[in-house]
Amino acid sequence: MAWFRSDPLFGTRSARRDLRFWMMLLVGAVFVYGGFTIEPATNCNDSGECAPWLVPLGGVMGLGFVAMALGPLLANPQRGIMLDPVTNELVWWQNRTARHPGDEGRIAPEQIARIRYVSQGDATEIHVYDSQGNRLPYLDEEVIPGWPLTWARHMVGRWPHIVLVEED
């Protein structure tokens, strides 16, 4: 199974290895710290205008950020994609935890007909379609390791019958 770790097409990710949740926890902690340490009466500008209600509001927002980050960090949902060596099927999953199997899909790579890559500024989307033209659910940029376009090009390189459509 060592090939799985080095293959650019396959990989897994978890919430605990996702920088977004750690950054959300850090930002929330800063807001909570500010909400409990800043004296609301000192929240005035040079002209004397005060908004003491902003300090507790920032603390409450910080608690919300901390809660939204701690949920996934404690549950540690995993997502990923791999080739099952027994069935020779592409398997992808999302929201898999120790207690819940999550959402999963399977397809033989020979049944994948088209990969559509959409790039709109900072946002990118990837859509994978089977030979009947049906979009495969949950097989998107969340489960694909690395950069979606690189993954799509590797898929086409390994299985040349797959058509890659790039849209801007």
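The structure this text deals with has already been given above.
Fair warning: this is a prediction, and the values are worked out from it, not measured in the lab.

Enquirer: Explain the overall build of the protein here, please?
Expert: Summing up its helical and strand segments, the protein has four helices and seven strands in all. From first element to last, N terminus to C terminus, the protein shows the α and β order α-β-α-α-β-β-β-β-β-α-β. Relative to a compact globule of 168 residues, whose C-alpha radius of gyration would be 15 Å, the protein shows 22 Å and is clearly more extended. Expressed along its principal axes, the backbone C-alpha trace of the protein runs to roughly 70 × 40 × 25 Å.

Enquirer: Where do I start with the sheet that holds strand S5 (residues 112-120) in this structure?
Expert: Neighbouring strands of a sheet are bound in pairs by backbone hydrogen bonds; such pairs are parallel or else antiparallel. Ordered in space as S6-S5-S7, the three strands form an open sheet in which the pairing is mixed. Edge positions in the open sheet fall to strand S6 (123-130) and strand S7 (163-167), since each of these has one partner strand only. For this sheet, the mean inter-axis angle between neighbouring strands, taken without regard to orientation, is 15°. Bridging between S5 and S6 involves eight bridges; their strand directions are antiparallel. Within S6, the position partnered with Ile 115 by the bridge is Val 128.

Enquirer: How should helix H3 (residues 54-75) be read in this particular structure?
Expert: Between its first and last C-alpha atoms H3 spans 32 Å; for 22 residues at 1.5 Å apiece the expected length is 32 Å, and the two agree. Of the surrounding secondary structure, the elements contacted by the buried residues of H3 are helix H2 (19-37). Note on H3: the residue one or two positions beyond its end, Asn 76, has a positive phi of about 50°.

Enquirer: I tried to follow the state of the cysteines on my own but got confused; where do I start?
Expert: The term disulfide refers to a covalent linkage connecting the sulfur atoms of a pair of cysteines. According to the stated counting rule, one finds one disulfide in the structure shown. Note on cysteine connectivity: Cys 44 is disulfide-linked to Cys 50, with sulfurs 1.8 Å apart. Of note, the bridge from Cys 44 to Cys 50 carries an S-S torsion of about 95° and is right-handed in sense. By relative accessible area, which is 35% here, Cys 44 ends up partly exposed.

Enquirer: How do you make sense of the pairing of strand S2 (residues 78-84) when you look at a structure like this?
Expert: Regular strands have side chains that alternate between both faces of the sheet. With six of its seven residues buried, S2 lies for the most part within the structure. For strand S1 (residues 11-14) and S2, the ladder comprises four bridges, and the chain directions are antiparallel. Across the sheet, Ser 14 pairs through a bridge with Gln 78, a residue of S2. In this structure, S2 lies alongside strand S3 (residues 89-96), joined through six bridges in antiparallel fashion. Bridged to Met 82 within S3 is Val 91. Between S2 and S3, which pair antiparallel in sequence order, lie four residues; one of them, Asn 88, sits at a positive phi of approximately 55°.

About the criteria used
Residues numbered from 1 in each chain as written. Predicted model: local features only at pLDDT ≥ 70, side-chain atom pairs only at ≥ 80, totals over all residues. Heavy atoms only, no water. Helix = DSSP H or I, 4+ residues; strand = E, 2+ residues; numbered from the N terminus. Rg over C-alpha atoms; globule rule 2.2 N^0.38 Å. Pairing = 2+ DSSP bridges. Axes fitted to C-alpha atoms, helices over the stretch in contact; angles between N-to-C directions. Expected span 1.5 Å × (residues − 1). Contact = heavy atoms within 4.5 Å. Disulfide = S-S within 2.5 Å. Buried < 20%, exposed > 50% of the residue type's maximum accessible area, 1.4 Å probe, protein only.

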